[in-house]
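# Summary of structural features
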Amino acid sequence: MMNQFSMKWSMVIVIGLFTSSGCLVDTDPGSEGEMEDADAASEVIAEVGEEQCTPSIGGVSASSTPRLNSTITYTINGSCLPSTIAMWIGDCDGIYKQSGNASQARFSCTHRWTAGIKEVHIKDRPGGYHLYPSPFTINVFP
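These lines cover the structure that appears in this document, whether it is placed above or below.

Cut-off values and rules
- Residues numbered from 1 in each chain as written.
- Predicted model: local features only at pLDDT ≥ 70, side-chain atom pairs only at ≥ 80, totals over all residues.
- Heavy atoms only, no water.
- Helix = DSSP H or I, 4+ residues; strand = E, 2+ residues; numbered from the N terminus.
- Buried < 20%, exposed > 50% of the residue type's maximum accessible area, 1.4 Å probe, protein only.
- Pairing = 2+ DSSP bridges.
- Core = buried A, V, L, I, M, F, W, Y, C linked by side-chain atoms within 4.5 Å.
- Contact = heavy atoms within 4.5 Å.
- Salt bridge = Lys/Arg side-chain N within 4 Å of Asp/Glu carboxyl O.

## Some words on unusual backbone geometry
At cysteine 80, a residue that is not glycine, the phi angle is positive and equals roughly 60°. Mapped onto the elements of the fold, cysteine 80 is located in the loop between strand 7 (71-79) and strand 8 (86-89). One non-glycine residue, tryptophan 113, lies in the positive phi region at around 70°. Its location among the elements puts tryptophan 113 in the loop between strand 10 (104-111) and strand 11 (116-123). Tryptophan 113 sits in the exposed class, given a relative accessible area of 59%.

## With respect to the pairing of strand 7
Note: strand 6 (residues 56-62) against strand 7, six bridges, orientation antiparallel. For serine 61, the partnering residue across the bridge sits in strand 7 and is threonine 75. Relative to strand 10, strand 7 runs antiparallel, the two being bridged by seven bridges. Considered in strand 10, the bridge of isoleucine 76 is made with alanine 105.

## Here we look at the nonpolar core
With 18 residues, the main nonpolar core has Ile76, Ile85, Met87, Ile89 and Ile122 as its most contacted residues. Secondary structure elements with two or more residues in this core: strand 7, strand 8, strand 10, strand 11 and strand 12 (136-140). Those residues in contact with isoleucine 76 that sit more than four places away from it in its chain are Ile57, Gly59, Val60, Leu81, Ile85, Met87, Ser103, Gln104, Ala105, Phe107 and Ile122.

## Considerations on the pattern of salt bridges
Summed over all chains, the structure comprises three salt bridges. We note a salt bridge from aspartate 93 to arginine 112, for which the minimum N-O separation is 3.7 Å. In this pair, aspartate 93 is assigned in strand 9 (residues 92-100) and arginine 112 in the loop between strand 10 and strand 11, connecting sequence segments 19 residues apart. The closest approach of N and O atoms between aspartate 124 and arginine 125, which form a salt bridge, is 3.8 Å.

What follows is the structure, encoded as structure tokens:
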């Protein structure tokens, strides 16, 4: 019989707990801690949750033209952005994440040392994988 709620299963895990005697522990909270033979077909199935979405970046914009010794805020727009998103820009000092959610993240830094073409990396987390066709470049003006 169908109820009014529908469930979406993205992944199912089968869990079995074994004791040193080779018996499977019954993990049913309604039981009195009974043990079943390991050959029995006792399984606990747990729902892990909704299917994870894939992070996607639609674009990156700057609050103003990048100039040497100026502090710029970069806004990353997208969908399913992870809370651990990280950004790195060559010769950009003190980069930090100002804010972020699943659709937008903002980073600020001050362009230092030299003007010119700088690499930009946007990753799912520090040291993680690239989320954007990366690295890409920006031009920092004098």
